[in-house]
Amino acid sequence: MFYMAYVINSECISCGACEGECTVSAISEGDDRYVIDAELCIDCGSCASVCPVEAPNPA
């Protein structure tokens, strides 16, 4: 099965809400914002549903 990974845009405020919501642990803290590992992301949208600034978006 092929999934399109979500990406986190520059609106990210590094609150960490998305990291805890990810069911496959694809999100980690990057240098200036959180990042999503495209190899692990299953395109479920859980991260987007909890983000206060709508930073995660489908790629």
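Above this text is the structure in question.
Please read all numbers here as calculations on a predicted model, not as lab measurements.

Conventions used here
Residues numbered from 1 in each chain as written. Predicted model: local features only at pLDDT ≥ 70, side-chain atom pairs only at ≥ 80, totals over all residues. Heavy atoms only, no water. Helix = DSSP H or I, 4+ residues; strand = E, 2+ residues; numbered from the N terminus. Buried < 20%, exposed > 50% of the residue type's maximum accessible area, 1.4 Å probe, protein only. Contact = heavy atoms within 4.5 Å. Core = buried A, V, L, I, M, F, W, Y, C linked by side-chain atoms within 4.5 Å.

## What about the environment of Glu19?
Next, step 1: Take Glu19: it is sitting in helix 1 (residues 17–21).
Next, step 2: Residue classification places Glu19 among the partly exposed residues on the basis of a relative accessible area of 34%.
Next, step 3: For Glu19 and Val7, which are 12 residues apart along the polypeptide, the C-alpha to C-alpha distance reads 13 Å.
Next, step 4: Leave out the neighbours within four places in its chain, and Glu19 touches Ile27, Ser28 and Tyr34.

## Description of the nonpolar core
Soluble globular proteins: nonpolar side chains tend toward being buried together.
Next, step 1: Core analysis: the biggest nonpolar cluster contains 14 residues, and Ile8, Cys18, Ile27, Tyr34, Ile36, Cys41 and Cys47 have the highest contact counts within it.
Next, step 2: Ignoring any residue separated from it by four or fewer positions in sequence, one finds Ile27 in contact with Ile8, Cys18, Glu19, Cys22, Tyr34, Val35, Ile36 and Cys47.

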